[in-house]
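# What the coordinates show
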Amino acid sequence: MTLPPFQALLDEHRADIYRFLVATVGPSEADDCFQETWMSALRAYPNLRRGDNLRAWLFRIAQNKSIDAHRARGRRAVPVAAVPERSTSSPADADPELWERVRDLPTKQRMAVFCRSVLGMPYDELAVLLESSEDAARRNVHEGLQRLKEELS
Amino acid sequence: MNDIEMTLKNAALDLPTDTPELTGRAEAEGLIDVAYTSVDSPLGPLVVAATPKGLVRVSYTEFRGEGEVLEDLARRVSPRVLEAPARLDPVRRELDEYFKGRRQDFDVPIDWSYLAGFTREVLRATAHIGFGEVSSYAGVAAAAGSPRAVRAAGNALGSNPMPVVVPCHRVLRSGGKLGGYTGGLERKEFLLRLEGALL
């Protein structure tokens, strides 16, 4: 089995991975998560057994890094600080309200909504990414969108 | 597509796509098995690649596309191939000097470990042919320890993964005919003229 040169993966997916991280962890932590994602991918790459579904593999790593960031933020959070620490006028975070809501979705829904609605990922690939059935992947997209709709209306 | 999906799609268009730099950290952590970059030369653009041990590839981009070269490196050396020009700065500098006539020998280390057997012996022998000198296929076969393996020596030279730096252009057919060159005979003639071995 041959894996493509890593640079090809980077060229193809770096922008989508970065957008995913900005949307799901916020602009202030996206850069760190982005670096961590690609360093982890580079470390593991030569030992991959399969060269298919590389995008799903990369997004799963990015998802793990975003979960780590969420946890770290949870640990840092101070109960009285109800004011959001991110500036709402940050140019890197074009629609803070919308992405804040996306960030608050359960992990699988967050992933499913972004990959399906923004990237147009096919359901079979999304199922690989979520380690679920295609039906479950559909449900995650549907429920995530439903919840966003309710919260934003 | 429902409204909320449209809202997400449109909002995503405003997300930044200018991504942070990665190669500095990847290099510092020893995660780049093959670094490559493109170098301009009078013979057209070259792809040059190096492992942490030394140079592994010089290739004429017009002769063989960059994608094909990178896939070959991924298969033969490691799939951890990244565009990381800093590692190639020394070879870029030496190639520049060579093409400007200010350098006769290359000092950059060569990583021989991905060449096996007779090919490696032939190319190592070729690396010892000096600037402005020429040898023959029979000559390098002998220098590689197998004087009768002239045809095999020719094949080894034809597969030279580091032309210019390993100067296979200095190997001619017995009797002074040019012989072949991977990259095209006009390039072989250019290099021999540059070195004053061909008038």
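Treat the numbers as computed from the prediction; the structure is a model and nothing was measured.

### Comments concerning unusual backbone geometry
At A:Asn53, a position not held by glycine, the phi torsion is positive, near 55°. With respect to the secondary-structure elements, A:Asn53 resides in the loop between helix H2 (27-44) and helix H3 (54-76). Taking the relative accessible area as the measure of exposure, A:Asn53 reaches 35% and is therefore partly exposed. Phi is positive for B:Val164, which is not a glycine, with a value near 75°.

### Regarding the interface of chain B and chain A
With 31 residues of chain B in contact, the opposing surface of chain A contributes 37 residues. Between chain B and chain A, the buried area comes to about 3200 Å², and carbon and sulfur atoms account for 72% of it. Taken together, chain B and chain A are joined by 2 salt bridges. Listed by contribution, the elements that provide at least two residues to the side of chain B that touches chain A are helix H1 (3-13), helix H2 (23-28), helix H3 (66-76) and strand E4 (81-83) of chain B. For the side of chain B that touches chain A, the leading source of residues is H1(B), giving 7 residues. Across the side of chain B that touches chain A, the residue classes break down as 16 nonpolar, 4 polar and 11 charged.

### Observations regarding the pairing of strand E3 (residues 55-60) of chain B
Residue and element names in this part refer to chain B. Counting buried positions over the 6 residues of E3 gives 6, a clear majority of the element. Pairing of strand E2 (residues 46-50) with E3 involves 5 bridges; the strand directions are antiparallel. Within the sheet, the bridge partner assigned to Ala-49 lies in E3 and is Arg-57. Connecting the antiparallel pair E2 and E3 is a turn made up of 4 residues, with Gly-54 showing a positive phi of about 160°.

The rules behind the values
- Residues numbered from 1 in each chain as written.
- Chains lettered and ligands numbered in written order.
- Predicted model: local features only at pLDDT ≥ 70, side-chain atom pairs only at ≥ 80, totals over all residues.
- Heavy atoms only, no water.
- Helix = DSSP H or I, 4+ residues; strand = E, 2+ residues; numbered from the N terminus.
- Buried < 20%, exposed > 50% of the residue type's maximum accessible area, 1.4 Å probe, protein only.
- Contact = heavy atoms within 4.5 Å.
- Buried area = accessible area lost by both parts, 1.4 Å probe.
- Salt bridge = Lys/Arg side-chain N within 4 Å of Asp/Glu carboxyl O.
- Nonpolar A, V, L, I, M, F, W, Y, C, P; charged D, E, K, R; others polar.
- Pairing = 2+ DSSP bridges.

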